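Structure at a glance
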There are 2 protein chains.
Amino acid sequence: MKKQVLFILLLLATYVHAQTDDAKQIEKIYRMALTEGKAYDWLNHLSNQIGGRLSGSVQAQQAVEYTKAQLDSLGLDRVWLQPVMVPKWVRGTPEFAYFETSPGLSTNVPVCALGGSVATPLGGLKAGLIEVKGIEELEKLGTEKIKGKIVFFNRPMDPTLISTFQAYSGCVDQRYSGAAEAAKYGAVGVIVRSMNLRLDDYPHTGSMGYGDTPVDKRIPAAAISTNGAELLSATLKLNPNTQFYLKQNCKQFDDVESYNVIGEIKGSEFPDEIIVVGAHLDSWDLGDGSHDDGAGCVQSMDVLRLLRKTGYRPKRTIRVVLFMNEENGLRGGNKYADMANNKKENHIFALESDAGGFTPRGFSFDCSDANFERIQGWKKLFEPYLIHLFVKGYSGADIRPLKNDGMVLAGLRPDSQRYFDHHHAENDTFEHVNKRELELGAASMASLVYLFDKYGIVPPQKIKG
Amino acid sequence: MKKQVLFILLLLATYVHAQTDDAKQIEKIYRMALTEGKAYDWLNHLSNQIGGRLSGSVQAQQAVEYTKAQLDSLGLDRVWLQPVMVPKWVRGTPEFAYFETSPGLSTNVPVCALGGSVATPLGGLKAGLIEVKGIEELEKLGTEKIKGKIVFFNRPMDPTLISTFQAYSGCVDQRYSGAAEAAKYGAVGVIVRSMNLRLDDYPHTGSMGYGDTPVDKRIPAAAISTNGAELLSATLKLNPNTQFYLKQNCKQFDDVESYNVIGEIKGSEFPDEIIVVGAHLDSWDLGDGSHDDGAGCVQSMDVLRLLRKTGYRPKRTIRVVLFMNEENGLRGGNKYADMANNKKENHIFALESDAGGFTPRGFSFDCSDANFERIQGWKKLFEPYLIHLFVKGYSGADIRPLKNDGMVLAGLRPDSQRYFDHHHAENDTFEHVNKRELELGAASMASLVYLFDKYGIVPPQKIKG
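The paragraphs below set out a description of the structure included in this document. All values reported here derive from a predicted model rather than from experimental measurement. (Residues numbered from 1 in each chain as written. Chains lettered and ligands numbered in written order. Predicted model: local features only at pLDDT ≥ 70, side-chain atom pairs only at ≥ 80, totals over all residues. Heavy atoms only, no water.)

**A few points about the overall build of chain A**
Within chain A one finds 13 helices and 16 strands. Across its three principal directions, the C-alpha atoms of chain A cover 95 × 50 × 45 Å. Per-residue burial for chain A yields a buried fraction of 59% across its 465 residues. In chain A, the share of contacts with a sequence separation of at least 24, taken over all contacts with a separation of at least 6, comes to 82%. (Helix = DSSP H or I, 4+ residues; strand = E, 2+ residues; numbered from the N terminus. Buried < 20%, exposed > 50% of the residue type's maximum accessible area, 1.4 Å probe, protein only. Contact = heavy atoms within 4.5 Å.)

**Thoughts on the interface of chain B and chain A**
Contacts between the two partners involve 29 residues from chain B and, on the opposite side, 29 residues from chain A. When chain B packs against chain A, close to 2700 Å² is buried across both sides, 52% of that on carbon and sulfur atoms. A per-residue breakdown of the area chain B buries against chain A is headed by I162, R418 and R436 of chain B, which together make up 27% of the total. Put simply, chain B and chain A have 16 residue pairs in polar contact (both at pLDDT 80 or more) between them. Of all elements in the fold, only α1 (2-36), β14 (360-366) and α13 (435-455) of chain B reach the threshold of two or more residues within the side of chain B that touches chain A. Grouping the amino acids of the side of chain B that touches chain A by side-chain chemistry returns 14 nonpolar, 8 polar and 7 charged. (Buried area = accessible area lost by both parts, 1.4 Å probe. Polar contact = N/O pair within 3.5 Å; in protein donor to acceptor, adjacent residues only side chain to side chain. Nonpolar A, V, L, I, M, F, W, Y, C, P; charged D, E, K, R; others polar.)

**Some remarks on the side chain of T120 of chain B**
Inspection of the secondary structure assignment puts T120 of chain B in the loop between β4 (111-113) and β5 (125-132). What T120 of chain B contacts, discounting residues up to four positions off in sequence, is L125, P220, L246, K247 and Q248 of chain B.

**A short note on the side chain of T213 of chain A**
All names here are of chain A. Examined against the element boundaries, T213 turns out to sit in the loop between β7 (189-193) and β8 (221-224). Residue classification places T213 among the buried positions, given a relative accessible area of 9%. In terms of polar contacts, T213 uses its side chain to reach the backbone carbonyl oxygen of Y210, at 2.4 Å. If we ignore the near neighbours within four places in the chain, the residues touching T213 are A180, A183 and R218.

**Regarding the environment of P314 of chain A**
Mapped onto the secondary structure, P314 of chain A falls in the loop between α8 (290-309) and β12 (316-323). What P314 of chain A contacts, discounting residues up to four positions off in sequence, is I265, K266, G267, S268 and D453 of chain A.

**So, the pairing of strand β16 (residues 408-414) of chain A**
Residue and element names in this part refer to chain A. β16 sits mainly inside the fold: 6 of its 7 residues count as buried. In the sheet, strand β13 (residues 346-352) pairs with β16 via 4 bridges, with the strands oriented parallel. Considered in β16, the bridge of E352 is made with G411. Both strand β14 (residues 360-366) and β16 contribute to a ladder of 6 bridges, which runs antiparallel. Its bridge partner being in β16, D366 is matched across the sheet by L409. (Pairing = 2+ DSSP bridges.)

**Description of the sheet that holds strand β11 (residues 270-280) of chain B**
Residues and elements named next belong to chain B. On the basis of which strands lie adjacent, the open sheet formed by 8 strands has the order β1-β10-β12-β11-β13-β16-β14-β15 and mixed pairing. Edge positions in the sheet fall to β1 (78-90) and β15 (389-392), since each has one partner strand and no second. When strand polarity is set aside, the average angle formed by the axes of neighbouring strands in this sheet is 20 degrees. As paired elements, β11 and strand β12 (residues 316-323) share 8 bridges and run parallel to each other. (Axes fitted to C-alpha atoms, helices over the stretch in contact; angles between N-to-C directions.)

**Brief notes about the relation of the copies chain B and chain A**
The two copies are related by a screw motion: chain B maps onto chain A through a turn of 180 degrees and a shift of 0.0 Å along the axis, at an RMSD of 0.0 Å. Between the two chains, the operation in question is that of a two-fold axis. If distances are taken from each C-alpha of chain B to the rotation axis, the shortest is found for H388 of chain B, at 3.4 Å. In this assembly, 100% of the residues forming the interface of chain B have copies in chain A that are likewise at the interface, indicating an isologous arrangement. (Least-squares fit on C-alpha atoms with pLDDT ≥ 70 in both.)

**Some points on the state of the cysteines**
Cysteine pairs can be covalently joined through their sulfur atoms, and such a bond is termed a disulfide. One pass over the structure, following the stated rule, counts 0 disulfides over all chains. The structure places no disulfide on C250 of chain A, whose sulfur is separated from the nearest cysteine sulfur, that of C112 of chain A, by 9.9 Å. In this structure C250 of chain A comes out as buried when scored by relative accessible area, which is 4%. C171 of chain B takes part in no disulfide bond, and the closest cysteine sulfur, belonging to C112 of chain B, lies 16 Å away. Classification of C171 of chain B as buried rests on a relative accessible area of 2%. (Disulfide = S-S within 2.5 Å.)

**Focus: the packing of helix α2 (residues 39-50) of chain B against helix α8 (residues 290-309) of chain B**
When two helices pack together, their arrangement is given by the angle between the helix axes and by the axis-to-axis distance. Residue and element names in this part refer to chain B. Packing of α2 against α8 brings their axes to within 9 Å, and their N-to-C directions diverge by 140 degrees. As far as their axial angle goes, α8 and α2 are oblique. The interaxial crossing formed by α2 with α8 has right-handed handedness. Across from A39, W42, L43, L46 and S47 in α2, the residues of α8 making contact are S290, G294, A295, V298, Q299, M301, D302 and R305. Looking at side-chain class alone, the contact of α2 with α8 contains 7 nonpolar, 4 polar and 2 charged residues. (Parallel < 35°, antiparallel > 145°, perpendicular 65-115°, else oblique. Left-handed = near helix turned anticlockwise from the far one by under 90°.)

**Examining the packing of helix α2 (residues 39-50) of chain A against helix α3 (residues 58-72) of chain A**
All names here are of chain A. Closest axis-to-axis distance for the α2/α3 pair is 10 Å, and the angle between their directions is 155 degrees. With respect to each other, α2 and α3 are oriented roughly antiparallel. Crossing geometry of α2 relative to α3 is assigned as right-handed. Facing α2, whose interface residues are D41, W42, H45, L46 and I50, α3 presents Q59, Q62, A63, Y66, T67 and Q70. Classifying every residue of the contact of α2 with α3 gives 5 nonpolar, 5 polar and 1 charged.

Pasting the structure below:
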């Protein structure tokens, strides 16, 4: 009996000691992030010196070069560029739109082309409108009512959902598939209400796809600001014959070469177990991409730097990956996963920050129950930093292609209330990122990476052979 | 045995049923706040039509009239104004300051008078500087080194504290007592680093007091922006003889009459048990007081409206109180408590929102252990709304004078990271308040008020007579 008690006490002591060590290391990380963090300076450069970084643009290339140079300066074990072919879509001259209730009586409305859309004819496009709240209404209306018209998708994000990402998911089909679906019924264009919970004058772009619509049947697609959508909808109720004019001259070019930017610290004990922390380096072109996803990039970069600076020597290999082309192709994420598979690399944990640079609230995990249970045991360590949310859920678009049954994927979950005010719009800019909020995010990420580095993951259940 | 089991099952069923009812009512409140909330519209008026509402100002009076009229329109059982005499301090013409490293070589810096400060002489004040990190350094320096100088208090807020309110508490003695203390050693003025975690160009005002310093010994006190403080400190290291020029013509007038604005719904079962939800209607004069504390006012007003609109009939009397003069006197809070004591009113619960209109994270409670334990049982009801923080702690300045051993006091705890970027400064303005964040705060408050109304409080332990 005595021996057992002693053994239990010993175990307990080890556990308490480990917890205290972990608490100390996490405290160091937060302290460093809040006093000597680099994330905000890096973001300042990315946003204010470079700006919007759409795949294939000069700015995207500048961002590759800048972040590589910064990683080079951190004294990591290896920094490299992974080539990847990306689509190149160019917005062209600013879009222009108005609606006309009677000849000569017109009202301008703020619009922007959706990413991937075709242009209007050179002289613009003018047609009657038909307002719908979703794709499923198209079939009911049929070709007779849609042919020759511009379809106006006007289902707003649901304000009663506490997670604004959930509200976004409930709407984004209009933006992504609206044009392809409306074209089937002879529509000549689509106007989509911006994915924005606020009423304001910013149109929000974002990716759209034509699916298997033949090239000659593709119709232009643009977003309208939420205020514009409200006004247009009210006008249509008064005058269903309102005409809409849209002009945009965006264009899809051939794919061009770009890069994922990668840096790593080699693990001292288990170098073959790889941990990835990442975000996407490309952004839309309207703002400067500070929240989406400059914030995630600079936080990911700072994770490696913070671990280093606090004197921590990782047991496992820790990589920062700045993925190219999340916004309109996911080529970088797919390319990285292909490489990992081809090289039979063993990724045990991947963490993405792609939900804005706001105050971190927690993480969502895509993993086995056994791993999730272990992670729950770490919650207490985060409570002093007001990180409460440890839930199962989505991780991130760029790391998802890495997914396998054994590993753990995770996403940082910042406060989401303001995110869609800025998402893909002209007002996604540096001044809307708060330095402390950004740094707290970086510290939370570094702390989680530290724990996965130290304790590894619970291996998947082996079937007895 | 059987009977006991049945009894327990019955109790359990009642408990589960109550929990479900509560969850449903809280869901209704959130839904209503996020779709038909009035808080944002009210704040728009307070901030953009009225503006900064310093006690004794025309704007403060306009705010009294506006909020009373709005409460009148809600169909409450009673709405009234409680007269209270308040101090009237007026800033006067914009302050002006520069430092001079050699004659003719000067640099302007942004300053503002601290609330309650005396003016400089008409032609301004020019003197050498002595920089300190805190009041305790004054004694060490002594009269010899301080006499005839301007004391520059430059201890920054501690960025490593996760709660920015804690960082504020650790600094604010410089602002409040710096002048009174420095005057003891013959200083001719004080310049205080703004209570702001960000480096920027906004000076932040706030209350200061002269204690028992005789009128003729009172010296002017001003805040300098954080960027200004950094620059001044660096300059002093290079040139300790740098001269500082300050001009301000603020003035304290005689007290004037103002009002607390009060509205109530009479309780249907226990009308003598009173619940207060409140905030302060006055603000500083530099911005429009949107976060401090317009947000809290409109949230408190919406609590009563939301309860009404969701069809809830309160058992207890629920009062909204918009307190006058929190910023520079607390006269409204004290007056309200005096009235409550004089009338022997039984306040069981008071909730204040005075920490900004940001995403609510939870509440802090000032109450007995028995009450705190019961409150912990409500945590689960708030989790779907990402409200995680239920801690013991400070409630709010205006409701604190009500405190007694029996009652529960509470404060809304919004995310605090951005709060001091705006606090008492020119950039505490409407556009920095997010509609959803504000509404989520109102919904959280209404939900907590609902629970206290329904279940009351645990009465204080009676001593057997």
